[in-house]
Amino acid sequence: MATKGKDMAVWGLDSERLKRRALAMLRWLLDPVRRTPVVVTSALLTLLLTVLIVNLIQPVDAARAERTTAAGASSTSTVSVRRFPKAHHPSKSASSSSVTKNQTKQQKPDPAATSAHPVDWLKPSQQVDYPDPAAHPGLSLEVSLQDQRVYVRDGSELLYTMYASTGMDDSTPRGSFRIQNERGDHFYNPGEGMGARYYTSFLNHGVFLFHSVPTDSRGGYIKEEADMLGIRPGSHGCIRLTVPDARWIMQSVPTGTPVLVK
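This report concerns the structure included in the present document. Computed from a predicted structure; not experimentally measured.

Summing up its helical and strand segments, the protein has five helices and nine strands in all. The helix and strand sequence of the protein, counted from the amino end, reads α-α-α-β-β-β-β-β-β-β-α-β-α-β. Buried residues in the protein amount to 31% of all 262 residues. Of the contacts made within the protein by residues no fewer than 6 positions apart, 63% connect residues no fewer than 24 positions apart. Counting only carbon and sulfur atoms, one obtains 59% of the accessible surface of the protein, whose full area is about 17200 Å².

Our next topic: the sheet that holds strand E6 (residues 194-203). Overall, mixed pairing links the four strands, which are arranged E5-E6-E7-E8 in an open sheet. Two strands lie at the open edges of the sheet, namely strand E5 (183-189) and strand E8 (239-241), each paired on one side alone. For this sheet the average axis-to-axis angle between neighbouring strands, irrespective of direction, equals 40 degrees. As judged from the three bridges shared by E6 and strand E7 (residues 208-212), these two strands associate in the antiparallel manner. When the sheet's bridge partners are listed, Ser-201 is paired in E7 with Leu-209. Where helix H5 (residues 243-252) meets the sheet, its contacts fall on E5, E6, E7 and E8, and the angle it forms with E6 comes to roughly 40 degrees.

Oppositely charged side chains may form a pair once their charged atoms are brought near each other. A complete count under the given rule lists six salt bridges for this structure. In this structure, the salt-bridge partner of Asp-170 is Arg-174, at a minimum N-O distance of 3.1 Å. Of the charged contacts in the structure, one is a salt bridge between Lys-223 and Asp-227, with a shortest N-O distance of 2.6 Å.

In total, this model carries seven aromatic pairs according to the counting rule given. Seen in terms of ring centroids, Tyr-130 and Trp-248 are 5.3 Å apart; in terms of plane orientation they differ by 10 degrees. Their pairing is stacked. Placement of Tyr-130 in the loop between helix H3 (94-106) and strand E1 (139-144) and of Trp-248 in helix H5 is noted, with a sequence separation of 118 residues between them. Under the relative-accessibility criterion, Tyr-130 is labelled partly exposed at 23%. If you follow Arg-247 out to its NZ or CZ, it ends over the ring of Tyr-198, 5.3 Å from the centre.

Next up on the list: the environment of Leu-139. Tracing the chain through its elements places Leu-139 in strand E1. Each C-alpha atom, one on Leu-139 and one on Leu-158, is 9.8 Å from the other, the two residues being 19 residues apart in sequence. If sequence neighbours within four positions are ignored, Leu-139 has contacts with Pro-133, Val-152, Arg-153, Asp-154, Leu-159, Val-253, Pro-254, Thr-257 and Pro-258.

As a further point, take the nonpolar core. Val-150, Phe-202, Phe-210, Leu-241 and Val-259 are the most contacted members of the largest nonpolar core, which has 33 residues in total. If you tally residues by element for this core, the top one is H5, at five residues.

With that out of the way, let us pick up the environment of Ser-252. Mapping Ser-252 onto the fold places it in helix H5. Ser-252 sits in the partly exposed class, given a relative accessible area of 31%. Spatially, the C-alpha atoms of Ser-252 and Asp-132 are 8.0 Å apart, while their sequence positions differ by 120 residues.

Attention now goes to the sheet that holds strand E2 (residues 149-154). Ordered by their spatial adjacency, five strands build an open sheet running E3-E2-E1-E9-E4, and the pairing between neighbours is mixed. Looking along the sheet, the strands with just one partner apiece sit at the ends: strand E3 (157-163) and strand E4 (175-178). Here the average twist between neighbouring strands, direction ignored, is 20 degrees. Set on the sheet, H5 makes contact with E1, E2 and E3; between it and E3 the angle comes to about 130 degrees.

In this structure, Gln-148 sits in the loop between E1 and E2. Exposure remark for Gln-148: the relative accessible area of 3% places this residue in the buried category. A distance of 2.8 Å separates the side chain of Gln-148 from the side chain of Thr-166, its partner in a polar contact.

Among the 10 residues in H5, seven count as buried, and that is most of the element. Restricting attention to buried positions, one finds in H5 the residues Val-243, Pro-244, Asp-245, Ala-246, Trp-248, Ile-249 and Met-250.

Rules and cut-offs
Throughout, residues of each chain are indexed from 1 in the direction in which the sequence is written. Given that the model is predicted, a residue must reach a pLDDT of at least 70 before its local features are reported, and side-chain atom pairs must reach 80 or more before they are shown or counted; all residues, however, enter totals for whole chains, interfaces and linings. In computing side-chain properties, one takes all heavy atoms of the structure into account and sets aside hydrogens as well as water. Comment: elements are numbered from the N terminus, with helices defined as DSSP H or I runs of at least four residues and strands as E runs of at least two. Note on classification: 1.4 Å probe, protein chains only; a residue is buried when its accessible area is under 20% of the maximum for its type, exposed when over 50%, partly exposed between these limits. Any two residues whose heavy atoms approach within 4.5 Å at even a single point are treated as in contact. Residue exposure ignores everything except the shown protein chains as possible cover, and the areas themselves are Shrake-Rupley values with a 1.4 Å probe. Being paired, for any two strands, means DSSP has found at least two bridges between them. Orientation is described by axes fitted as lines to C-alpha atoms, over the contacting stretch for helices, and by angles from 0 to 180 degrees between their N-to-C directions. In what follows, salt bridge is the name for a side-chain nitrogen of Lys or Arg lying within 4 Å of a carboxyl oxygen of Asp or Glu. Side-chain rings of Phe, Tyr and Trp (the six-membered ring for Trp) are treated as a pair once their centres are within 6.5 Å; stacked means planes under 30 degrees apart, edge-to-face means over 60, and tilted covers the remaining angles. Any Lys NZ or Arg CZ found within 6 Å of a ring centre and within 35 degrees of that ring's normal is scored as a charge over the ring. Nonpolar cores were defined as sets of buried Ala, Val, Leu, Ile, Met, Phe, Trp, Tyr and Cys residues, with membership established by side-chain atoms within 4.5 Å. By the criterion applied in these results, polar contacts are pairs of N or O atoms within 3.5 Å in which, for protein atoms, one can donate a hydrogen and the other can accept it, and in which residues neighboring in sequence qualify only through two side-chain atoms.

Honestly, that's just the spatial picture; any functional story needs more than this.
Written as structure tokens, this is what we have:
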């Protein structure tokens, strides 16, 4: 009995202790004063974490948006330039337009300054109109033996550039001459076994001529001779030209026009 009474006393003590703990826990949970610090602390921590996350995300989104905008603008610009070439605006001043025009005339390109390939001797040397001699009182023809070109000038202004093939072994005379009266549609030299079309004399009245690429006895163009045009000398002293270039000189360049061979 003593042992049993002792056990009952111990159980009662433990039961009382558990009851006090349960009541203390219940009181803590129901006491708003004690709950407030925990709730406020949790809320503050939540708010702080939210602000921190927003601040971290916004710069990334802004940078991504900026890159997207820039890429879109670049793509639009590229398409715009490709589809809509820059227009010419005629609102520039007359003086500016005049300067540009004069510069263009002074800097007309050589049609094939460094080309070593045969040219199309059935076509004009340049895809521009031949100059009108009536509009150029200072018209002259300058033959460059080194370049194998004929430069049509008005004073210092370059108007047109022609392919040429001059005399082999330096047989084209150098110096200052003038266009002479002798000119015609066709000639043939039996001694050389070839002729040409559209000839115009510049020395010795029919001896030294501007004319087309050579023709054979039947009037057909000799391709092997024509392929030298603009590349190297091939004649016996005359100045060979494309067919249209020779025709223009024969039909349009006045007698007395200066010719410089150098």
